[in-house]
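The chain contents come next:
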Amino acid sequence: MRAAARTFATKGYRTGSLQDVAEQVGITHAGVLHHFGSKEQLLVAVLQQRDDDGVRELEGQHIPGGLELFRHLVRTVRANEGRPGIVQGFTVLVGESVTEGHPARAWVTHRYEVLRGQIADAVQVIGPHVTRDAAVRAAAGVIAVMDGLQVQWLLDDDAVDLPDATTFAIEAILAAVLAGPGAPRPVGEVDGA
């Protein structure tokens, strides 16, 4: 799994081969297929392992709710500073998944759908007055900021303090959604939005 994660992180899914993975672990291409069945199944296993590792130390091994979810996201970002290869692999595979016919597309789409729901639920726990639509918009914003900051950090880790920038962005999004629709909007109305 680690060899596959390294291969997909450095070469991408389409360019990285099962032979690349096999050579790293000292087995044959057929040996990799014996364990995973296909390159697609190996990719999904790598992606799932990444998510499973992220909650392994948590009670019940699942993402917490309410304010603790946002603290968990920041702790995850802090941990990610020490595992740039995993962050790079995830970023590459998510980016590639938007292409037609990519084998990780369904997994990535489902992961974002679930994560948006979990974050929206957490928003509504800490702000019961927040509408579901506003909570989902906030959730999408949190995910987008986290992914975008990871890309910037991967390109220049000296320019972006990943945990601090992530914390700032999450707090700004939460402050805005908790303030409600009557709060001042510095950007104002954009095309009736």
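Coordinates for the structure precede this section.
Definitions and cut-offs
Residues numbered from 1 in each chain as written. Predicted model: local features only at pLDDT ≥ 70, side-chain atom pairs only at ≥ 80, totals over all residues. Heavy atoms only, no water. Helix = DSSP H or I, 4+ residues; strand = E, 2+ residues; numbered from the N terminus. Expected span 1.5 Å × (residues − 1). Buried < 20%, exposed > 50% of the residue type's maximum accessible area, 1.4 Å probe, protein only. Axes fitted to C-alpha atoms, helices over the stretch in contact; angles between N-to-C directions. Parallel < 35°, antiparallel > 145°, perpendicular 65-115°, else oblique. Left-handed = near helix turned anticlockwise from the far one by under 90°. Contact = heavy atoms within 4.5 Å. Nonpolar A, V, L, I, M, F, W, Y, C, P; charged D, E, K, R; others polar. Core = buried A, V, L, I, M, F, W, Y, C linked by side-chain atoms within 4.5 Å. Salt bridge = Lys/Arg side-chain N within 4 Å of Asp/Glu carboxyl O. Arc of directions from axis to C-beta. Polar contact = N/O pair within 3.5 Å; in protein donor to acceptor, adjacent residues only side chain to side chain.

**Q** I'm lost on helix α5 (residues 66–80) in this one. Help?
**A** Because each turn of an α-helix spans 3.6 residues, side chains separated by three or four positions in sequence point in the same direction. Under the 1.5 Å per step criterion, the end-to-end length of α5 is 22 Å for 15 residues, consistent within 8% with the ideal 21 Å. For α5, the set of buried residues is G66, L69, F70, H72, L73, V74, T76, V77 and N80.

**Q** Is there a simple way to explain the packing of helix α8 (residues 132–155) against helix α9 (residues 162–179) in this structure?
**A** When two helices pack together, you describe them by how their axes are tilted relative to each other and by the distance separating the axes. Between α8 and α9, the shortest axis-to-axis distance is 10 Å and the interhelical angle comes to 165 degrees. Compared by their axis directions, α8 and α9 come out roughly antiparallel. Crossing geometry of α8 relative to α9 is assigned as right-handed. Along its contact with α8, which presents A134, A135, A138, G141, V142, V145, M146, L149, Q150 and W153, the element α9 presents L162, A165, T166, A169, I170, I173 and V177. The class makeup of the residues in the contact of α8 with α9 is 14 nonpolar, three polar and no charged.

**Q** Just to check I follow, could you spell out the nonpolar core for this structure?
**A** What tends to happen in soluble globular proteins is that the nonpolar side chains get buried as a cluster. In this structure, L42, F70, L73, I119, V123 and I170 are the most contacted members of the largest nonpolar core, which totals 46 residues. Here this core takes nine residues from α8, the largest share from any one element. The contact partners of I119, leaving out residues within four places of it in the chain, are L69, F70, L73, A139, V142 and I143.

**Q** Help me out: how do you make sense of the environment of L69 in this one?
**A** As for its position among the elements, L69 is in helix α5. Spatially, the C-alpha atoms of L69 and A122 are 6.7 Å apart, while their sequence positions differ by 53 residues. Discounting chain neighbours no more than four positions away, the residues touching L69 are I63, P64, Q118, I119 and A122.

**Q** What is the right way to look at the packing of α5 against α9 in this model?
**A** As a packed pair, α5 and α9 sit with axes 9 Å apart at the nearest point and diverge in direction by 160 degrees. Taken as axis vectors, α5 and α9 run roughly antiparallel relative to one another. When the axes of α5 and α9 are compared, the crossing they make is right-handed. In this structure, α5 uses F70, L73, V74, V77 and R78 to contact α9, whose residues at the interface are L162, P163, T166, T167, I170 and L174. Of the residues assigned to the contact of α5 with α9, the class counts are eight nonpolar, two polar and one charged.

**Q** How should I be thinking about the pattern of salt bridges in this particular structure?
**A** A side chain with one charge may pair with a side chain of the opposite charge, provided their charged atoms come close. All told, the structure shown has three salt bridges when counted by the stated rule. Between R71 and E68 there is a salt bridge, with its nearest N and O atoms 3.7 Å apart. In this pair, R71 and E68 are both assigned in helix α5, three residues apart and thus about one turn of the helix distant. The class of R71 is partly exposed, set by a relative accessible area of 45%.

**Q** Would you take a moment to explain the side chain of T7 for this structure?
**A** Locating T7 in the fold gives a position in helix α1 (residues 2–15). What makes T7 buried here is its relative accessible area of 2%. Setting aside its immediate chain neighbours within four residues, T7 contacts G12, G16, S17, D20, V21 and Q24.

**Q** So what exactly am I meant to see when it comes to α9 here?
**A** Across its 18 residues, α9 extends 26 Å between first and last C-alpha, which sits within 8% of the 26 Å expected from 1.5 Å per residue. All buried positions along α9 are accounted for by L162, P163, T166, T167, A169, I170, I173, L174 and V177. Buried residues of α9, viewed axially, fall in a sector of 170 degrees; they line one side. Across from the buried face of α9, at angles greater than 90 degrees, the exposed residues are F168, E171 and A176. Residue D161 occupies the N-cap position of α9, its side-chain oxygen lying 3.1 Å from the main-chain nitrogen of D164. Looking at the residues trailing α9, positive phi occurs at G180, about 90 degrees.

In short, the description is geometric, and any link to function would need to be established separately.
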